[in-house]
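Okay, here's what each chain looks like letter by letter:
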Amino acid sequence: MHQIRRLVNSKGTRAEASTRFELYHCDCVEGMRSLDDETVDIVVTSPPYNLGVKYSSYKDDQKREAYLAWCLQWAEEIKRVLKATGSFFLNIGASPSNPLLPFEITDAFTQDQLFVLQNSIHWIKAISMEMEDGAVISKGHFKPINSERFLNDCHEHVFHFTKDGDIRLNRLAIGVPYADKTNISRWGHTGGRDKRCAGNTWFIPYETIRDRATQRPHPATFPSELAERCILLHGVREDTVMVDPFLGIGNAGVAARNCGVPRFIGFDIDEKYLTVAAERTGARIENVNLGAP
Ligand SMILES: C[S@@+](CC[C@H](N)C(=O)[O-])C[C@H]1O[C@@H](n2cnc3c(N)ncnc32)[C@H](O)[C@@H]1O
């Protein structure tokens, strides 16, 4: 479906969006096999973490070796379809029972030069800060862990993989204003602009919802703003192609539309989630091949 809309992304930038969505109800490895080599610019995705999450069809409790072997399978397919200039952003979290998982995945993905880990970003979901006046402010959302051993888990990882570790990013597209404005003239590289790189800790809380079943009918989503930041960092051109192999309810697609990505391709094995993704992105249901998983 071809849509032309004027939109405002979460950074307040106006984006003249014209996004063609192609959403497929199928296994992502099979789905990506239908794409030509080196045709994709941006992949933003979050696979199941193998932490026993209750998805409506996927079983999230494989043996660790089988899980890592499966991760390598889809990562190799991503590598094949990604352009030499492309960026692959992988969101992955851990749990107290499986704290090394994100690092096992980065280890596997950087072996034998499959990918280079160009940036490692922390997605901060909740934070508490003591202010100068002693007041403590807390922002964001997390699932409390009832334990005397483990801390509440308030962050996840976003790994930025590229083919050669040398992809130029538009850091100021998601930049922040200087707290100390004297830095604007002090540093020559600012060019007089009140914007600096926001760094690799991204505080992005979940949107507050009242009813999970209708407003976020999926057990493991990321906020669309997370994908927006990845897209803006990589940059969007008139021929940019973006893929999310594990689309869920379509947050990466919403981000693509908000950022004016011209072509977006998403896969999920779950018809229920994919239908929500189609509704949220405005993709017509005919574009979703619901008949052939
Ligand atoms: C962590 S969720 C992604 C959520 C998504 N980022 C969002 O915000 O809605 C992982 C998704 O992968 C899907 N999935 C699991 N195995 C898959 C496979 N082999 N191919 C495609 N999708 C798969 C699950 O149905 C689930 O929706």
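Structure first, text after, so check above.
These remarks concern the structure in this document. (Residues numbered from 1 in each chain as written. Predicted model: local features only at pLDDT ≥ 70, side-chain atom pairs only at ≥ 80, totals over all residues.)

With respect to the nonpolar core
The nonpolar side chains of soluble globular proteins are, as a tendency, buried together. Ranked by internal contacts, the top residues of the largest apolar core, which has 56 residues, are Val43, Val44, Ile231 and Met242. With six residues, helix H6 (residues 224-234) is the single largest residue contributor to this core. Ignoring anything within four residues of it in the chain, the contact list for valine 43 reads Ile78, Leu82, Phe88, Phe89 and Val243. (Core = buried A, V, L, I, M, F, W, Y, C linked by C-beta atoms within 7 Å. Buried ≥ 20, exposed ≤ 12 C-beta atoms within 10 Å, placed from the backbone. Helix = DSSP H or I, 4+ residues; strand = E, 2+ residues; numbered from the N terminus. Contact = placed C-beta atoms within 7 Å.)

Concerning the site of the ligand
Taken together, 22 residues are adjacent to the ligand, and Cys28, Thr221, Phe246, Gly248 and Asn251 come closest. For the shell around the ligand, the residue count by class is 13 nonpolar, six polar and three charged. (Near = placed C-beta within 6 Å. Nonpolar A, V, L, I, M, F, W, Y, C, P; charged D, E, K, R; others polar.)

As for helix H7 (residues 251-258)
Taking burial as the measure, the eight residues of H7 include eight buried ones, the bulk of the element. In the stretch just after H7, glycine 260 is the one whose phi turns positive, near 70°.

Quick word on the pairing of strand E8 (residues 136-140)
Among the five residues in E8, zero count as buried, and that is only a small part of the element. Bridging between strand E7 (residues 126-130) and E8 involves five bridges; their strand directions are antiparallel. In the sheet register, serine 128 faces E8, and the bridge partner there is serine 138. Taken together, E7 and the strand that follows it, E8, pair antiparallel across an intervening segment of five residues, in which glycine 134 is found at a positive phi of about 90°. (Pairing = 2+ DSSP bridges.)

Observations regarding the sheet that holds strand E4 (residues 40-45)
In space, the eight strands of this open sheet follow the order E3-E12-E11-E4-E5-E9-E6-E10, with mixed pairing throughout. For this open sheet the edge positions go to strand E3 (20-25) and strand E10 (201-203), each flanked by a neighbour on one side alone. For this sheet the average axis-to-axis angle between neighbouring strands, irrespective of direction, equals 20°. Strand contacts of helix H2 (residues 64-81): E4, strand E5 (82-92) and strand E11 (241-244), with the helix running at about 150° to E5, the strand carrying the most contacts. Each of E3, E4, E11 and strand E12 (263-268) touches H7; the most contacted strand, E12, lies at about 175° to it. (Axes fitted to C-alpha atoms, helices over the stretch in contact; angles between N-to-C directions.)

Some details on unusual backbone geometry
For asparagine 50, which is not glycine, the phi dihedral falls at a positive 65°. Position of asparagine 50 relative to the elements: it lies in the loop between E4 and H2. In this structure asparagine 50 comes out as buried when scored by C-beta crowding, with 22 C-beta atoms within 10 Å. Not every positive phi belongs to a glycine, and glutamine 113 is a case in point at roughly 55°. Mapping glutamine 113 onto the fold places it in the loop between helix H3 (101-110) and strand E6 (116-124).

So, the packing of H6 against H7
H7 packs onto H6 with a crossing angle of 50° between their chain directions and a minimal axis gap of 8 Å. The angle between H6 and H7 places the two elements in the oblique class. Crossing hand, H6 versus H7: right-handed. On the side of H6, the interface is formed by Ser224, Ala227, Glu228 and Ile231, while H7 contributes Asn251, Ala252, Val254, Ala255, Ala256 and Asn258. Grouping the constituent residues of the contact of H6 with H7 by class yields six nonpolar, three polar and one charged. (Parallel < 35°, antiparallel > 145°, perpendicular 65-115°, else oblique. Left-handed = near helix turned anticlockwise from the far one by under 90°.)

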